[in-house]
Amino acid sequence: MKPSSRSGPGARAAAALAAAAVTAVALAGCGSSGSSSTSTSTSTSASAGSAAPSASAAAAFPVTVTAANGAVTIKSRPARIVSLDPTSTEDLYAIGAGPQVVAVDQDSNYPAGVPKTGLSGLTPNIEAIAKYNPSLVVASQNSGGLVSGMTKLGIPVLIEPAVATLDAAYAQIQQVGEATGHAAQAATVVTSMKQQIAADVAKAGTAHKGATYYWELSASPYYSAASSTFIGQVVGLFGLKNIADAASKPADGGYPQLSQEYIVTAKPQIIFLADNEPADGAQSPAVVAKRPGWSGIPAVQNHEIIGLNDDIASRWGPRLPQLVAEIAAAIEQLH
Amino acid sequence: MRKLGALGIAAIFLIAAMLVSALVGAADLNPLDTVAALADKIPFVHLPSGLSPLDRAVLFQIRLPRVVLCALVGGLLAMSGAGYQGVFRNPLVDSGLLGASAGAGLGATLAIVYFGAVGPGAIPPAAFLGSLGGVAVAYLTGAAASRRTGFGDGVATLLLAGIAVGFFFTAVQTLVLQRSAEQDVQTVYNWLLGSLSGATWQQVVSILPYAAVSIVVVLLHGRHLDVLAVGDEEARALGMRPATVRLIVVAACALATASAVAFSGLIGFVGIIVPHVARRLGGPGYRSVLPLSLLGGAGFLVLADTLARTVLSPAELPIGVVTAVVGAPAFVWILRSTQGART
């Protein structure tokens, strides 16, 4: 019943749960069978000259990181990376691991020029992934036996699921950096993200603390994200009040369904649309302003309807400062 | 006399259901002020109401169009269910038969998966056309098959063709969904379960002409269906042309169903149980079953939607779930308690 847009937070929450469950099972299975890794010798000829590892990065391997699927050891700097998740793809490119990436899934669309393929992170096809001869696979969920299948081929998999906090998002970028030989660049990226976000929050000030907002994930039916969710915490940095909080129950995982009557009578001062773009529902600010009965909402009267970049708003990667900047701009417009 | 009484009861039931539905909702409007605001709309009545402009917008732009659309959809589904039952002389038939539901589902799925960029506005026309298309294909194949084989009076062949077309459309829909993104699957799923949460006056206005035409045509054919009930031979002896009557009623019922599902999605159960309740209350004649189904179905769906949007408020239940969960036990109870009253 949850609106799980392919990259939406609703899906992320569900995916995280599913991934955790599957991971637990997979780990239990591994323990009993013993770790008989069939060390397939991976050919690296194709990308030998693409990105020469720096001396310090090369020295860091083998490296062991603790991802959502447990401890993962990467023997040498991965020369051929397959990313099955849009956020992971953005992470990889932001930290300078782009030249090592040989294939990304069908939903990865940023940055421009990523090697997009027909691969799916939701229903992964092990054989299709293996065809790219990867030395590391990064995904956000362990669906379709991804981890166990790749392990059989001796290919390490990092599961980097949807995060619940900003700190977890930073830690994930750092971890991807360590696993790919870009720890230093990852640290730089995280520091820069923190600085940008802090600057925007400081600039917005406290004048509008307590202003109410409605975060729309989908319109038929209406789903929102409460303060407890990752996105709710990001907006919470500005001290805004979320109209969905009162309606959220434990069972909805922070993503309550709201009726129109509830939204209208809650009189939000800002409306954020994460279903703004054609592919995600086409609920642009103009469309929302014309919804019958919505004209009395302060956000509609004051043109405080913000059509977000849906991709940025539903991922937890290096472009988070852009989302924060959009939110800050909306708050500064409040009178 | 009994017929008029039953009609009166059904009309009162509908009005009461609509009033109750207009008074409750997530916005928690003051009931007295709400009644005053509603009464104020009646010509020559002027009542002060304590509702704020925002509350009035909730009442008149969000809640009322939903109540009215619900009544229309429920009435159309129940009436066309009754019409089909008459045409096919079969009590197990409902409004979604003859490929109407499957066609609407396929149409909506195609719109969501392949024309998603057009926006949600593409879904109602696609569902409408799909529903009509489904019935047309079923009717034409059924008619062609019965002509070729000369099997029976064509009624059974038509029903079987409808079932075959339904399965075929559903299979195509499954195939399309299988090949599409998870997000689209979710949208289709929500549509299939049925919801009137996005109802607007514009939607009411756009189905009104189709609703009016189908209601008039179907209600005028009550007597014909009564004659058909005794058999095609007898009907012919009385100077009627069964095939023509069947075509007209099927076409009108298809139009009614298509316009209902266009905005509501698939809502089961209304089209099959309401006509039976109508029969229990007003006797088996279609001259009373048809209008009773229209009024009763309208009231029933308005009540079901009231539950759908209040039980989990401010979240909502899919209305199809409510019609089945509440409707099924209620139906069994009515069957039991009216056993003796059967004519």
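Note that the structure is a prediction, hence the values are computed from the model and not measured.

Parameters at a glance
- Residues numbered from 1 in each chain as written.
- Chains lettered and ligands numbered in written order.
- Predicted model: local features only at pLDDT ≥ 70, side-chain atom pairs only at ≥ 80, totals over all residues.
- Helix = DSSP H or I, 4+ residues; strand = E, 2+ residues; numbered from the N terminus.
- Rg over C-alpha atoms; globule rule 2.2 N^0.38 Å.
- Buried ≥ 20, exposed ≤ 12 C-beta atoms within 10 Å, placed from the backbone.
- Contact = placed C-beta atoms within 7 Å.
- Nonpolar A, V, L, I, M, F, W, Y, C, P; charged D, E, K, R; others polar.
- Pairing = 2+ DSSP bridges.
- Domains from an automatic or database assignment.
- Axes fitted to C-alpha atoms, helices over the stretch in contact; angles between N-to-C directions.
- Left-handed = near helix turned anticlockwise from the far one by under 90°.
- Parallel < 35°, antiparallel > 145°, perpendicular 65-115°, else oblique.
- Core = buried A, V, L, I, M, F, W, Y, C linked by C-beta atoms within 7 Å.

## Topic: the overall build of chain B
At step 1: Helix and strand content of chain B: 14 helices and 0 strands.
At step 2: Secondary structure of chain B in N-to-C order comes out as α-α-α-α-α-α-α-α-α-α-α-α-α-α.
At step 3: Computed over the C-alpha atoms, the radius of gyration of chain B is 21 Å, within 12% of the 20 Å expected from 2.2 N^0.38 for a compact globule of 343 residues.
At step 4: Residues counted as buried form 53% of the 343 residues belonging to chain B.

## Quick look at the environment of Ala202(A)
At step 1: Mapped onto the elements, Ala202(A) comes out in helix 7 (residues 183–204).
At step 2: For the pair Ala202(A) and Thr66(A), spaced 136 residues apart in the sequence, the C-alpha separation amounts to 34 Å.

## Description of the interface of chain B and chain A
At step 1: Taken together, the contacts link 29 residues of chain B with 25 residues of chain A.
At step 2: Those elements giving two or more residues to the side of chain B that touches chain A turn out to be helix 3 (53–88) and helix 7 (182–193) of chain B.
At step 3: Here the element with the most residues in the side of chain B that touches chain A is helix 3 of chain B; it accounts for 7 residues.
At step 4: In terms of residue class, the side of chain B that touches chain A is built from 13 nonpolar, 12 polar and 4 charged.

## Considerations on the pairing of strand 7 (residues 212–219) of chain A
All names here are of chain A.
At step 1: Most of strand 7 sits inside the fold, with 7 of its 8 residues counted as buried.
At step 2: By the bridge criterion, 2 bridges tie strand 7 to strand 9 (residues 241–242) in an arrangement that is parallel. Across the sheet, Thr-212 pairs through a bridge with Lys-241, a residue of strand 9.
At step 3: In this structure, strand 7 lies alongside strand 11 (residues 270–273), joined through 4 bridges in parallel fashion. Residue pairing in the sheet places Tyr-213 in a bridge with Ile-270 of strand 11.
At step 4: Bridging between strand 7 and strand 8 (residues 222–224) involves 3 bridges; their strand directions are antiparallel. Bridged to Glu-216 within strand 8 is Ser-224.
At step 5: Taken together, strand 7 and the strand that follows it, strand 8, pair antiparallel across an intervening segment of 2 residues.

## Some remarks on the domain arrangement of chain A
Residue and element names in this part refer to chain A.
At step 1: Partitioning chain A into structural domains gives domain 1 (9–26 + 54–193) and domain 2 (206–333).
At step 2: On a C-alpha basis, the centres of domain 1 and domain 2 stand 29 Å from each other.
At step 3: Taken together, the contacts link 19 residues of domain 1 with 20 residues of domain 2.
At step 4: Of all the secondary-structure elements, those providing two or more residues to the side of domain 1 that touches domain 2 are helix 1 (9–33), helix 3 (86–94), helix 6 (166–180) and helix 7.
At step 5: Broken down by element, the side of domain 1 that touches domain 2 gets its largest block of residues, 5 residues, from helix 3.
At step 6: Residue classes in the side of domain 1 that touches domain 2 are distributed as 13 nonpolar, 4 polar and 2 charged.

## Observations concerning unusual backbone geometry
At step 1: In this chain, Tyr110(A) is followed by Pro111(A) through a cis amide linkage whose omega measures -5°.
At step 2: On the secondary structure map, Pro111(A) appears in the loop between strand 4 (101–104) and helix 4 (126–130).
At step 3: Even without being glycine, Asp28(B) reaches a positive phi, approximately 55°.
At step 4: Inspection of the secondary structure puts Asp28(B) in the loop between helix 1 (2–23) and helix 2 (31–39).
At step 5: Residue classification places Asp28(B) among the partly exposed positions, given that 13 C-beta atoms sit within 10 Å.
At step 6: Positive phi values are uncommon outside glycine, yet Arg89(B) reaches one of about 50°.
At step 7: Locating Arg89(B) in the fold gives a position in the loop between helix 3 and helix 4 (100–114).
At step 8: Residue class for Arg89(B) comes out partly exposed when judged on the 16 C-beta atoms lying within 10 Å of it.

## Observations concerning the packing of helix 3 of chain B against helix 13 (residues 286–310) of chain B
All names here are of chain B.
At step 1: Put simply, helix 3 and helix 13 touch, their axes get as near as 7 Å, and they point 145° apart. Where helix 3 crosses over helix 13, the two elements pack in a sense that is right-handed.
At step 2: Looking at the contact of helix 3 with helix 13 residue by residue, the class counts come to 17 nonpolar, 8 polar and 2 charged.

## Structural notes on the packing of helix 12 (residues 270–282) of chain B against helix 14 (residues 319–337) of chain B
All names here are of chain B.
At step 1: At a minimum axis separation of 11 Å, helix 12 and helix 14 run at an interaxial angle of 25°. For the element pair helix 12 / helix 14, the angle class is roughly parallel. For the crossing formed where helix 12 meets helix 14, the hand is left-handed. Seen from helix 12, the contacting residues are Val-270, Ile-273, Val-277 and Arg-280; seen from helix 14, they are Thr-323, Gly-327, Phe-331 and Ile-334.
At step 2: When its residues are assigned to classes, the contact of helix 12 with helix 14 shows 5 nonpolar, 2 polar and 1 charged.

## Overview of the environment of Gln141(A)
At step 1: One can find Gln141(A) in the loop between strand 5 (136–139) and helix 5 (146–152).
At step 2: The buried category is assigned to Gln141(A), around which 29 C-beta atoms lie within 10 Å.

## Structural notes on the pairing of strand 11 of chain A
All names here are of chain A.
At step 1: Of the two faces of strand 11, the one holding Ile-270 and Phe-272 and the one holding Ile-271 and Leu-273 are both buried throughout.
At step 2: Sheet analysis places strand 11 next to strand 12 (residues 305–307), joined by 3 bridges and oriented parallel. If you follow Ile-271 over to strand 12, its bridge partner there is Ile-305.

## Points about the nonpolar core
At step 1: In this structure, Val137(A), Trp215(A) and Ala71(B) are the most contacted members of the largest nonpolar core, which totals 192 residues.
At step 2: Counting contributing residues, this core receives three or more from each of domain 1 (9–26 + 54–193) and domain 2 (206–333) of chain A.
At step 3: Once residues within four sequence positions are removed from consideration, Val137(A) is found in contact with Val82(A), Leu84(A), Ile129(A), Met150(A), Ile155(A) and Val157(A).

## Section: the sheet that holds strand 3 (residues 81–83) of chain A
Residue and element names in this part refer to chain A.
At step 1: Ordered in space as 4-3-5-6, the 4 strands form an open sheet in which the pairing is parallel. A strand with exactly one partner marks an edge of an open sheet, and here the two such strands are strand 4 and strand 6 (157–159). Sheet twist, expressed as the mean angle between neighbouring strand axes with direction ignored, is 20°.
At step 2: Sheet analysis places strand 5 next to strand 6, joined by 3 bridges and oriented parallel. Paired with Ala-139 across the bridge in strand 6 is Ile-159.
At step 3: Of the strands in this sheet, strand 3, strand 4 and strand 5 touch helix 3, which is tilted by about 140° from strand 3.

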